[in-house]
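Inside the fold
Below, each chain spelled out in residue letters.
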Amino acid sequence: MQRYVQLAAMLFAVTLLSASSGSEPVHSVDLSLGRLKVSTNGRHLVHADGTPFFYLGDTAWELFHRLNREEADLYLADRAAKGFTVIQAVVLAELDGLHTPNAYGELPLENDDPRKPNEAYFRHVDYIVDKAESLGMFIGMLPTWGDKWNKKWGVGPEIFTSNNAAAYGEFLGRRYRDKSIIWILGGDRNPENDGHLAIIRAMAGGLKKGDGGNHLMTFHPQGGSGSSQWFHNDDWLSFNMFQSGHSAANAPNYRTTLKNYGLKRVKPVLDGEPRYEDHPIDWKPQNGWFDEWDVRQAAWWSMLSGACGHTYGNHNIWQMWQSGRQPISSARTPWKTAVGHPGSAQVGYMRKLLESKAWQKLAPDEDLLAGKPGEGAEHIRAARAGDGSFAMIYTPTGKTLSVRLERIGRKVSASWFDPRTGKQQPAQADGQSFDPPGEPGRGNDWVLVLQR
């Protein structure tokens, strides 16, 4: 009985947190629409019936490894209420995932052998997969963190060969064949030789053999890299993922999005690990910490450059840090507090606005701007629907926008979307100039929404 009282209190807290966020919550997805696939134009992800799927991910890398079921329920309920659609989590986790047991004392493998999975460990993984599915979310499942096939740094050990990677992939594919899964290979490491490439491709082949091709696949690289560097022409790679990372403020992730958007063999693309909220800049607290504005800037920059979705991250949540655990890279906020950090709600507001339009029609369009888009923190991104019916322009610092309205039409309605609150208000033009509310500066970002 006590367990259910505690769970009810947790869910009540999540409800209060969502209600206090300043906007109506965006809902999770309708999984009855069917499995995911790539759209016919190769730009987006869609359900089996063609309904667009907005990939809004969260990096919960240690979810399977560190949380018990009550804690997982709390976390997943919060993310579903905020409109997340994908939870990225790792089966063989980074933080000594092979030799430190999960919350129930279980290790994932017998004798570090990928061909000998521990059934008790995977029953806990099953529980979380099922719980996420019941809340309308996919699990972006990483079969392993990258230190298990390319140690480079971290704990390791390296346990994979191309043979056992195929067997392990087939086991996972078969087990989760009919579940709401997106496969994410890699795990913050890049392939550096033919052996590494063979392991990744063998694991992808095993997954496909096990699940019959039921799920999308991508690859999560280390910071500053992207899947297209090695696997763009591989048929198993459904969409490209890159990691813009945590090394600098104002990292121009839009450039990587645009580069992938322009590749000849068209595939969807998204930033699978941008700068985390509450992460020290370049891992050095003396440089300051990324905040919700950094989160919004990265999200809007990439989405208006042609991305099929975006991933949020919080430095405390990926490692599920709490008192008594060794903090990684100066983590400072207990994860149960960090779930309430504002950036996690604000990416949901972004999804809600985009889904209020036919967002999948948007394409990057710098020609909407009468002036230059600028560089650094002030860089402006613009996107326009292919049929010219609407457009969105993001100004990170609230600078006046000069717009070529003729690219939309002679009669245009305009509004300002506040990415901090999810609220909209009318926008007035002075000729073709639009002056956002407030004083220009860091944190005063706005989205101009133009409708023909």
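Residues numbered from 1 in each chain as written. Predicted model: local features only at pLDDT ≥ 70, side-chain atom pairs only at ≥ 80, totals over all residues. Heavy atoms only, no water.

Topic: helix H5 (residues 162-175)
Taking 1.5 Å per residue, 14 residues should reach 20 Å; H5 reaches 20 Å between its end C-alpha atoms and fits that length. By the burial criterion, the buried members of H5 are Asn164, Ala165, Tyr168, Gly169, Phe171, Leu172 and Gly173. Close packing links the buried residues of H5 with strand S5 (86-92), helix H4 (119-134), strand S6 (138-144), strand S7 (181-186) and helix H6 (194-211). (Helix = DSSP H or I, 4+ residues; strand = E, 2+ residues; numbered from the N terminus. Expected span 1.5 Å × (residues − 1). Buried < 20%, exposed > 50% of the residue type's maximum accessible area, 1.4 Å probe, protein only. Contact = heavy atoms within 4.5 Å.)

Considerations on the sheet that holds strand S21 (residues 446-451)
Taken together, 6 strands build an open sheet; the order of strands is S13-S14-S15-S21-S17-S18 and the sheet is antiparallel. The open sheet has two edge strands, strand S13 (362-364) and strand S18 (423-426), and neither has a second partner. Across the sheet, the mean angle separating the axes of adjacent strands is 25° when strand polarity is ignored. With 4 bridges connecting them, strand S17 (residues 413-418) and S18 associate as antiparallel partners. Following the sheet pairing, Phe417 is matched in S18 by Gln424. (Pairing = 2+ DSSP bridges. Axes fitted to C-alpha atoms, helices over the stretch in contact; angles between N-to-C directions.)

Topic: the sheet that holds strand S19 (residues 429-430)
The 3 strands lie next to each other as S16-S20-S19, forming an open sheet whose pairing is antiparallel. Looking along the sheet, the strands with just one partner apiece sit at the ends: strand S16 (401-402) and S19. Bridge count between S19 and strand S20 (residues 433-434): 2 bridges; the pairing is antiparallel. Directly across from Asp430, in S20, lies its bridge partner Ser433.

Section: the packing of aromatic side chains
Taken as a whole and assessed by the stated rule, the structure comprises 17 aromatic pairs. Note on Phe231 and Trp236: the rings are 5.2 Å apart at their centroids and 55° apart in plane angle, and the pair reads as tilted. The class for Trp236 is buried, based on a relative accessible area of 14%. Geometrically, the ring pair formed by Tyr254 and Trp301 is edge-to-face, given 5.0 Å between the ring centres and 80° between the ring planes. Residue Tyr254 is located in helix H8 (residues 253-261), and its partner Trp301 is located in helix H9 (residues 292-303); the two are separated by 47 residues in the primary sequence. Just as Tyr254 is buried, Trp301 falls in that class too. An aromatic cluster of three or more residues is present, and its members are Trp149, Phe219, Trp230, Phe231 and Trp236. Positioned above the aromatic ring of Trp289 is the side chain of Arg332, whose terminal nitrogen or guanidinium carbon lies 3.7 Å from the ring centre. Seen from the ring of Trp446, Arg420 lies directly overhead, with NZ or CZ sitting 4.9 Å from the centre. (Phe/Tyr/Trp six-rings, centres within 6.5 Å; stacked < 30°, edge-to-face > 60°. Lys NZ or Arg CZ within 6 Å of the ring centre and 35° of its normal.)

Overview of the nonpolar core
Counting residues in each nonpolar core, the largest one holds 81 residues, and the members touching the most others are Leu63, Tyr75, Met141, Leu185, Trp300 and Met392. Among the elements that make up this core, the one with the highest residue count is H6 (7 residues). Among residues more than four places away in sequence, those in contact with Leu63 are Ala72, Tyr75, Leu76, Ile87, Ala89, Ile128 and Met320. Counting 21 residues, the second largest nonpolar core, distinct from the first, contains Phe53, Leu216, Phe239 and Tyr276. (Core = buried A, V, L, I, M, F, W, Y, C linked by side-chain atoms within 4.5 Å.)

Re the side chain of Asn314
In this structure, Asn314 sits in the loop between strand S12 (309-312) and helix H10 (315-318). A polar side-chain atom of Asn314 sits 3.2 Å from a polar atom in the side chain of Tyr312. Within the structure, the side chain of Asn314 is placed 2.9 Å from the side chain of Asn316, a separation counted as a polar contact. If we skip the residues at most four places from it in the chain, Asn314 touches Thr59, Tyr276, Glu277, Ala338 and His341. (Polar contact = N/O pair within 3.5 Å; in protein donor to acceptor, adjacent residues only side chain to side chain.)

Brief notes about the confidence of the model for the protein
For the protein, mean pLDDT is 94; residues scoring 70 or higher make up 94% of the total. Contacts for the low-pLDDT stretch residues 1-23, under 50 throughout, to residues beyond four places or in other chains number 27 contacts. (pLDDT = per-residue confidence, 0-100.)

Details of the packing of helix H3 (residues 69-81) against H4
Between H3 and H4, the shortest axis-to-axis distance is 10 Å and the interhelical angle comes to 25°. The pairing of H3 with H4 is recorded here as roughly parallel in orientation. Classified by chirality, the crossing of H4 by H3 is right-handed. Residue-level inspection shows Arg69, Ala72, Asp73 and Leu76 of H3 in contact with H4, the latter providing Arg123, His124, Tyr127, Ile128, Lys131 and Ala132. Its residues assigned to classes, the contact of H3 with H4 shows 5 nonpolar, 1 polar and 4 charged. (Parallel < 35°, antiparallel > 145°, perpendicular 65-115°, else oblique. Left-handed = near helix turned anticlockwise from the far one by under 90°. Nonpolar A, V, L, I, M, F, W, Y, C, P; charged D, E, K, R; others polar.)

Notes on unusual backbone geometry
Glycine aside, negative phi is the norm for most residues, and most peptide bonds take the trans geometry. A cis amide bond links Gly156 with the next residue in sequence, Pro157, at an omega value of -5°. Mapped onto the fold, Pro157 is located in the loop between S6 and H5. The phi dihedral of Asp112 falls on the positive side, at around 55°, and the residue is not glycine. Even without a glycine there, the phi angle at Asp278 is positive, about 65°. Position of Asp278 among the secondary structure elements: in the loop between strand S11 (269-271) and H9. Residue classification places Asp278 among the buried positions, given a relative accessible area of 6%.

Focus on H4
With 16 residues, H4 extends 22 Å between its outermost C-alpha atoms, agreeing within 8% with the 22 Å of an ideal straight helix rising 1.5 Å per residue. Those residues of H4 that fall on the buried side of the exposure criterion are Tyr121, Phe122, His124, Val125, Asp126, Ile128, Val129 and Ala132. Summarising the contacts, the buried residues of H4 are in contact with helix H2 (63-66), H3, S5, S6, H5 and S7. The distance from a side-chain oxygen at the start of H4 to the backbone nitrogen of Ala120 is 3.1 Å, and the residue carrying that oxygen is Asn118.

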